[in-house]
Amino acid sequence: MIVTVTPNPSIDRTAELPGPLVRGGVHRVAGIVDQPGGKGVNISRACVAASVPTCAVLPADADGSFVRELEAFGVPCSPVPPAGAMRVNLTLTEPDGTTTKLNTAGAPVSASDLASLADRVMDLPAVWVVLAGSLPPGAPTDWYSVLAAQLRAAGRLVAVDTSDAALEALVAGLTSAGAPSLLKPNAEELAAVAGIDPELLENDPVRVALAARGLVRRGVGAVLATLGGAGAVLVDGTGAWYAEAPATRVVSTVGAGDSSLFGYLRAELRGMSAPERLAEAVAYGSAAAGLPGTTVPTPADLRIDAVRIQELDLPSSTTSIEGAPSWQS
């Protein structure tokens with residue numbers, strides 16, 4: 001089973017614009033959709049769509065509309081009492097696929113709120129636990145790092161998909177025993193924690209792989225670096241691979257990275273090789289980008305045969321990335 005943890009869930013409101021967004025202009029919205037969201041929530045929805053057992057752990061009113069809607073999607077939930085009202089994130093999509101996101105911070109949490117959430121996660125049986133999304137106001141930046149170490153000590157596989165201070169704290173506190181089994185940054189996030197210029201990673205899978213390799217050498221089991229429409233790079237202890245994404249008519253990129261992470265986990269649960277896990281991750285992400293809002297793809301939506309995999313021949317261990325910190329080599 002895949003247990004997902006979303007400490008800062010949201011109502012994802014997507015407004016479809018009939019033309020380009022004009023700052024200061026007046027727009028008549030072509031359509032608007034509200035969906036229960038948050039990275040972990042999206043992954044649990046993808047699990048249900050692929051008949052993979054899951055449970056979504058999140059702060060929410062057990063009798064509220066958010067949980068009821070998730071249950072209507074068929075998503076098993078294990079809610080804990082929320083600290084406050086559910087936040088609303090607004091996404092504006094343009095006809096050419098350009099996406100503008102306006103995310104709110106969420107309700108402030110206390111130490112007891114976070115302890116209840118962590119206790120619930122530790123009590124649930126799981127093969128994989130996914131810690132995903134931003135942390136709510138009031139949460140210590142190392143909350144994911146501490147919880148990941150506790151889960152690893154309990155024998156769980158742990159995937160983490162976060163950003164900003166939470167990702168920085170996770171990387172700063174890496175140990176071989178407590179490091180996540182899988183880390184899924186995008187190129188900008190990877191550049192930030194590797195201490196290098198993001199432009200050095202743009203359109204350069206080898207540089208992406210070199211940055212990811214530094215994290216693997218510090219204990220992370222595998223790094224899946226998503227590159228948007230350019231595909232993704234996977235690095236683990238056995239090698240590095242780049243997958244070019246198939247051509248896709250982009251409708252909304254919201255949740256595409258979450259779908260990529262699920263694709264990797266689904267393939268891993270089926271015992272597939274590292275290149276095959278990467279191919280499924282990219283196929284899932286591309287399929288999600290072709291769907292509206294945070295709609296998750298099903299296995300029938302995938303075009304795995306259209307994903308091209310290339311094994312990367314990385315420079316020797318003495319090669320470092322220009323401008324990287326001392327550990328990044």
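Reference entry: report on the structure contained in this document. Just so we're clear, the structure is a prediction, and the values are computed from it rather than from any experiment.

**Comments concerning the overall build of the chain**
Right, on to step 1. Looking only at helices and strands, the chain features 9 helices and 14 strands.
Right, on to step 2. Against the compact-globule benchmark of 20 Å for 329 residues, the chain has a radius of gyration of 19 Å, which places it among compact chains.
Right, on to step 3. Each principal axis of the C-alpha atoms in the chain carries an extent, and together these give about 55 × 45 × 40 Å.
Right, on to step 4. The burial tally for the chain puts 51% of its 329 residues in the buried class.
Right, on to step 5. Taking the contacts inside the chain whose residues are at least 6 apart along the sequence as the reference set, 68% of them involve residues at least 24 apart.
Right, on to step 6. Total accessible area on the chain stands at roughly 13800 Å², and carbon and sulfur atoms take up 52% of it.
Right, on to step 7. If the 22 positive side-chain charges of the chain are averaged to one point and the 33 negative ones to another, these points end up 2 Å apart.

**Quick look at the sheet that holds strand S2 (residues 10-16)**
Sheets are built from strands paired through backbone hydrogen bonds, the pairs being either parallel or antiparallel.
Right, on to step 1. Within the open sheet, the 4 strands sit side by side as S3-S2-S6-S7. Their pairing is mixed. What marks the edges here is a single partner per strand, and that holds for strand S3 (31-37) and strand S7 (99-102). Each strand axis lies, on average, 20° off the axis of its neighbour in the sheet, ignoring direction.
Right, on to step 2. As judged from the 7 bridges shared by S2 and S3, these two strands associate in the antiparallel manner. The residue bridging serine 10 from the neighbouring strand is glycine 37, located in S3.
Right, on to step 3. Each of S2 and S3 is contacted by helix H2 (residues 65-72), which is oriented at about 95° to S3, the strand it contacts most.

**Some thoughts on the sheet that holds strand S10 (residues 182-183)**
Right, on to step 1. Across the sheet, which stays open at both edges, the 10 strands sit in the order S5-S4-S1-S8-S9-S10-S11-S12-S13-S14 with mixed pairing between neighbours. Of all the strands in the sheet, the pair left with one neighbour each is strand S5 (77-80) and strand S14 (308-311).
Right, on to step 2. Of the strand pairs in this sheet, strand S9 (residues 157-161) and S10 are connected by 2 bridges, and their pairing is parallel. The residue bridging valine 160 from the neighbouring strand is leucine 183, located in S10.
Right, on to step 3. The strands touched by helix H1 (residues 39-49) within the sheet are strand S1 (2-5), strand S4 (54-59), strand S8 (128-132) and S9, with S4 carrying the most contacts at an inclination of about 160°.
Right, on to step 4. Contacts from helix H7 (residues 205-216) reach S10, strand S11 (222-226), strand S12 (232-236) and strand S13 (239-244), with the element oriented near 35° to S12.

**Considering the packing of helix H3 (residues 111-123) against helix H4 (residues 143-153)**
Right, on to step 1. In the contact formed by H3 and H4, the axes pass within 11 Å of each other and the chain directions differ by 25°. In terms of orientation, H3 lies roughly parallel with respect to H4. Judged by the sense of rotation from one axis to the other, the crossing of H3 with H4 is right-handed. Listed contacts from H4 to Leu114, Leu117, Ala118, Val121 and Met122 of H3 are Trp143, Leu147, Gln150 and Leu151.

**So, helix H6 (residues 187-194)**
The α-helix winds at 3.6 residues per turn, so residues separated by three or four positions along the chain end up facing the same way.
Right, on to step 1. If you check which residues of H6 are buried, you get Glu189, Leu190, Ala191, Val193 and Ala194.
Right, on to step 2. In this structure, the buried side of H6 is in contact with helix H5 (164-172), H7 and S11.
Right, on to step 3. The opening residue of H6 is asparagine 186, an N-cap whose side-chain oxygen sits 3.2 Å from the backbone nitrogen of glutamate 188.
Right, on to step 4. Of the residues trailing H6, glycine 195 is marked for its positive phi of about 70°.

**Description of the side chain of aspartate 236**
Right, on to step 1. Residue position: aspartate 236 is located in strand S12.
Right, on to step 2. Here aspartate 236 falls in the buried class, since its relative accessible area comes to 14%.
Right, on to step 3. A distance of 2.7 Å separates a polar atom in the side chain of aspartate 236 from a polar atom in the side chain of threonine 238.

**Structural notes on the state of the cysteines**
Right, on to step 1. By the definition in use, this model includes 0 disulfides.
Right, on to step 2. Free of any disulfide, cysteine 55 has its nearest cysteine sulfur in cysteine 77, 7.0 Å distant.
Right, on to step 3. The exposure class assigned to cysteine 55 is buried, which follows from its relative accessible area of 8%.

Reading the values: the criteria
- Residues numbered from 1 in each chain as written.
- Predicted model: local features only at pLDDT ≥ 70, side-chain atom pairs only at ≥ 80, totals over all residues.
- Heavy atoms only, no water.
- Helix = DSSP H or I, 4+ residues; strand = E, 2+ residues; numbered from the N terminus.
- Rg over C-alpha atoms; globule rule 2.2 N^0.38 Å.
- Buried < 20%, exposed > 50% of the residue type's maximum accessible area, 1.4 Å probe, protein only.
- Contact = heavy atoms within 4.5 Å.
- Areas by Shrake-Rupley, 256 points an atom, 1.4 Å probe, with all protein chains shown as cover.
- Lys, Arg positive; Asp, Glu negative; His and termini not counted.
- Charge placed at Lys NZ, Arg CZ, Asp CG, Glu CD.
- Pairing = 2+ DSSP bridges.
- Axes fitted to C-alpha atoms, helices over the stretch in contact; angles between N-to-C directions.
- Parallel < 35°, antiparallel > 145°, perpendicular 65-115°, else oblique.
- Left-handed = near helix turned anticlockwise from the far one by under 90°.
- Polar contact = N/O pair within 3.5 Å; in protein donor to acceptor, adjacent residues only side chain to side chain.
- Disulfide = S-S within 2.5 Å.

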